[in-house]
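Chain by chain, the residues run as shown.
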Amino acid sequence: KGEHRLSAVLEKHIQNHLSDSLQLPGNDNTWELFAEEGEMKVYRKELVEDGLICDPLKAIHSIKRVTAREMCHYFWDTDVRLEWEGTIESFRVLEVLDERTIIIYQTHKRVWPSAQRDCLYLSSMLKIDNPPVTDGGRIPHDTWMVCNFSVDHNDANSVSGCVRATVEICLICQTFVTPPGDNRPIDRDCLHCEIVYVANVNPGGWAPASVLRAIYKREYPKFLRRFTAYVQTKTNAKEIWF
Ligand SMILES: CCCCCc1ccc(-c2ccc(S(=O)(=O)CCO)cc2)cc1/C=C\c1ccccn1
């Protein structure tokens, strides 16, 4: 802890997510379920801040045959970012704060008629030591998290014409193991991972509400489908990485 200049602010974001992002949306009526596919449930809230659509999004999903660490690793690792992220046009790692904390500048593909957006954020991956037990009281094998939140940085010579969007995003993953019994070794069929994905995106400048809400309605389920399938494929033939 305290390894870099942003450790304290990172710790605050982590604590906030551990206290509120793990609250499952099904339990209260403040979240509206807007997409459901199998185990994937995507919820939204309508939120307008200074006339900008900032609808918070929360998704829960259960993915077979992968671990929390694998999900968080492929979400965090920029080496594979363009293999699953369909909405970014370019990105650059501006700074490495420690072996699992970096600062990224990225531009998103322009969505007509809005101006192109860019984001500048800290991205950190960490293991949660005293894992919060889920509602059902089941004990996870382990809990990992990736936290992405907007920061300032001098070196972000932004792409001209881009409007700076701000993000507060978190992926919390928990591995559940069902032992195969009679001393057989654990294989991927004994695993599943339960995730909570929370995204708060402020578009940073005006964009038509209809355009923004259409983007979110289309892009979030697509991202969850594509990313989870990507991790299952990537890990299928590999040793289990707890
Ligand atoms: C007019 C368009 C305004 C919105 C532009 C925008 C801003 C931010 C972001 C965004 C979304 C996910 C992340 S992440 O989960 O951290 C993964 C790393 O990239 C970071 C940023 C996206 C998008 C635009 C499209 C969009 C919106 C949802 C879902 C997917 N794409």
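Everything here concerns the structure above.
Presented here is a report on the structure given in the accompanying data block. Since we're looking at a predicted model, the values are computed, not measured.

Helix and strand content of the chain: 4 helices and 12 strands. Since a compact globule built from 242 residues should have a radius of gyration of about 18 Å, the 18 Å found for the chain is in line with a globular shape. With respect to the three principal axes, the spread of C-alpha positions in the chain is 60 × 40 × 30 Å. Sequence-distant contacts, at least 24 apart, represent 66% of the contacts inside the chain between residues at least 6 apart.

Another aspect to go through is the packing of helix α2 (residues 68-76) against helix α4 (residues 209-235). One can describe the packing of α2 onto α4 by two numbers: an axis separation of 10 Å at closest approach and a directional angle of 115 degrees. Taken together, the axes of α2 and α4 lie roughly perpendicular to each other. The two elements α2 and α4 meet at a crossing, and its hand is right-handed. Along its contact with α2, which presents E70, M71, Y74 and F75, the element α4 presents F223, F227, T228, Y230, V231, K234 and T235. Its residues placed into classes, the contact of α2 with α4 shows 7 nonpolar, 2 polar and 2 charged.

As enumerated under the stated definition, the model contains 15 salt bridges in all. The residue R44 makes a salt bridge to D55 at a minimum N-O spacing of 3.1 Å. Placement of R44 in strand β2 (residues 40-44) and of D55 in the loop between β4 (52-53) and β5 (57-64) is noted, with a sequence separation of 11 residues between them. Among the ionic pairs, R188 bridges to E70, the shortest N-O distance being 2.7 Å. With R188 in the loop between β11 (166-177) and β12 (191-202) and E70 in helix α2, this pair connects stretches of sequence that are 118 residues apart.

With that settled, the discussion passes to the pairing of β11. Counting buried positions along β11 yields 10 of 12 residues, so the element is predominantly enclosed. Direction of pairing for strand β9 (residues 142-150) relative to β11: antiparallel, over a ladder of 8 bridges. When the sheet's bridge partners are listed, W144 is paired in β11 with C173. Alignment of β11 against β12, held across 12 bridges, turns out to be antiparallel. Residue pairing across strands places C173 opposite I195, the latter belonging to β12.

As a further point, take the site of the ligand. The environment of the ligand is made up of 23 residues, and the closest members are E85, T87, Q106, N148 and Y197. The side chain of Q106 places a nitrogen or oxygen atom 3.1 Å from an oxygen atom of the ligand. Y197 is positioned with one of its side-chain polar atoms (N or O) 2.7 Å from an oxygen atom of the ligand. Relative to its free-state accessible area of 660 Å², the ligand is covered by the protein chains to the extent of 96%. Of all elements in the fold, only α3 (81-84), β7 (101-108), β8 (117-128), β11, β12 and α4 reach the threshold of two or more residues within the shell around the ligand.

A few words on the nonpolar core. In this structure, M71, F75, Y197 and F227 are the most contacted members of the largest nonpolar core, which totals 45 residues. Ranked by the residues each element gives to this core, the list is headed by α4, at 10 residues. Setting aside residues up to four positions removed in sequence, F227 forms contacts with M71, Y74, F75, W84 and L171.

The next point concerns α2. Of all 9 residues making up α2, 9 are buried, and the element is well covered by its neighbours. Listing the buried residues of α2 in full gives A68, R69, E70, M71, C72, H73, Y74, F75 and W76.

What follows concerns unusual backbone geometry. Omega for the peptide link from W112 to P113 comes to 0 degrees, which places this bond in the cis form. Mapping P113 onto the fold places it in the loop between β7 and β8. We note that D182 has phi near 25 degrees; this positive angle belongs to a residue other than glycine. Inspection of the secondary structure puts D182 in the loop between β11 and β12. If you check the backbone angles, N183 has positive phi at about 55 degrees while not being a glycine. Residue position: N183 is located in the loop between β11 and β12. Judged by relative accessible area, N183 falls into the exposed class, the value being 82%.

About the criteria used
Residues numbered from 1 in each chain as written. Predicted model: local features only at pLDDT ≥ 70, side-chain atom pairs only at ≥ 80, totals over all residues. Heavy atoms only, no water. Helix = DSSP H or I, 4+ residues; strand = E, 2+ residues; numbered from the N terminus. Rg over C-alpha atoms; globule rule 2.2 N^0.38 Å. Contact = heavy atoms within 4.5 Å. Axes fitted to C-alpha atoms, helices over the stretch in contact; angles between N-to-C directions. Parallel < 35°, antiparallel > 145°, perpendicular 65-115°, else oblique. Left-handed = near helix turned anticlockwise from the far one by under 90°. Nonpolar A, V, L, I, M, F, W, Y, C, P; charged D, E, K, R; others polar. Salt bridge = Lys/Arg side-chain N within 4 Å of Asp/Glu carboxyl O. Buried < 20%, exposed > 50% of the residue type's maximum accessible area, 1.4 Å probe, protein only. Pairing = 2+ DSSP bridges. Near = heavy atom within 4 Å. Polar contact = N/O pair within 3.5 Å; in protein donor to acceptor, adjacent residues only side chain to side chain. Areas by Shrake-Rupley, 256 points an atom, 1.4 Å probe, with all protein chains shown as cover. Core = buried A, V, L, I, M, F, W, Y, C linked by side-chain atoms within 4.5 Å.

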